[in-house]
Structure formats: C-alpha cells, structure tokens
Amino acid sequence: MNSSTQQDIGKLILRLAVGSLVFLHGISKLEGGLDGIIKMVETQGFPGSFAYGVLIGEVLAPLLIITGFFSRIGGILVVINMLFALYLVHLGDLGRLNEQGGWAIELQIMFLATAAAVALLGPGKYAFNER
C-alpha cells in the first residue's frame, strides 16, 4: 500500500470517527429538545435563535464530514460549535479533572482538535468531493 493510499485511509478513519461521534452527540439534542440550550444561550446574552446553531454544528456538519461532501466546511462548523460549547457550558471545567482523573473537557477538546484536523487535511480520496 503506497503512502498516498495510507493517508487517504487515515483521513477516512478520522472523518468517520469524529463525524459519527459528534452526530450521535447531536441526535441527543434532537431527542431532548433545545429548550435548555435556548435558555443557556439567552442567559449569556445571545439571541435564543443561536441555540439552533447546535443543529448545524452537531447534526449537519458531522454529516458533511462523514460523507466527505464539503467536509472542510463541516470541520470548521464543528470547531465553531465546540468553541461555543466550551464558552457556554465548560468554561469552568478548564482546570478540572473528572472522576477518572482525565481532563474534564477531554471529549470537547478531542472533538475540536479532530474537526480542525479534518478542516486542515481535507477529506481524502474516499469522499463525495475532495473539498
């Protein structure tokens, strides 16, 4: 297997992992409703309509990443979504460890970092388009 094929398979694995995990995270928002998110966003002084951005960042963007259809844009949208999540929900957790001794925001940082990697690397050969 040549180097180019290995890189394309690596990008596919990265896309499937981050896209699937963020998508499943977003599905829980669809099932539970956005009322709590709307209240949280409004409490921080943003318009309540900003809460619907979670559907873009956690449902639409992961689907773009998984399919490789404008996956760079999908990666950027997930990064923006995670920055909002860190600010609105997890800012107090920056210096905290969880019960297992890991960083309290390790999942959020992993989503942010892997989405940034997709945005920078692109989808690779195994995608609907290479954008």
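Owing to the predicted nature of the structure, the values given are computational and were not obtained by experimental measurement.

Examining helix H3 (residues 53-67)
Argument step 1. Taking 1.5 Å per residue, 15 residues should reach 21 Å; H3 reaches 20 Å between its end C-alpha atoms and fits that length.
Argument step 2. When the local axis directions of H3 are compared, the greatest deviation, roughly 30 degrees, occurs at Ala-61, which is followed within four positions by the proline Pro-62.
Argument step 3. All buried positions along H3 are accounted for by Val-54, Gly-57, Glu-58, Val-59, Ala-61, Pro-62, Leu-64 and Ile-65.
Argument step 4. Buried residues belonging to H3 abut helix H1 (3-32), helix H2 (35-43), helix H4 (71-88) and helix H5 (106-121).
Argument step 5. Gly-68 sits one or two residues past H3 and shows a positive phi near 75 degrees.

A look at the packing of aromatic side chains
A ring pair, where both rings are aromatic, is described by two values, the distance of the centres and the angle of the planes.
Argument step 1. Counted according to the given criterion, the structure contains five aromatic pairs.
Argument step 2. A ring pair is formed by Phe-46 and Phe-50, whose centres lie 5.5 Å apart and whose planes are at 20 degrees; its orientation type is stacked.
Argument step 3. Summarising the aromatic geometry, the rings of Phe-69 and Phe-70 are spaced 4.8 Å apart at their centres and angled 85 degrees between planes, so their arrangement reads as edge-to-face.
Argument step 4. Site record: aromatic cluster; members linked through ring pairs are Phe-46, Phe-50, Phe-84 and Tyr-87.

Reading the values: the criteria
Residues numbered from 1 in each chain as written. Predicted model: local features only at pLDDT ≥ 70, side-chain atom pairs only at ≥ 80, totals over all residues. Heavy atoms only, no water. Helix = DSSP H or I, 4+ residues; strand = E, 2+ residues; numbered from the N terminus. Expected span 1.5 Å × (residues − 1). Bend = angle between axes of the 7 residues up to and from the residue. Buried < 20%, exposed > 50% of the residue type's maximum accessible area, 1.4 Å probe, protein only. Contact = heavy atoms within 4.5 Å. Phe/Tyr/Trp six-rings, centres within 6.5 Å; stacked < 30°, edge-to-face > 60°.

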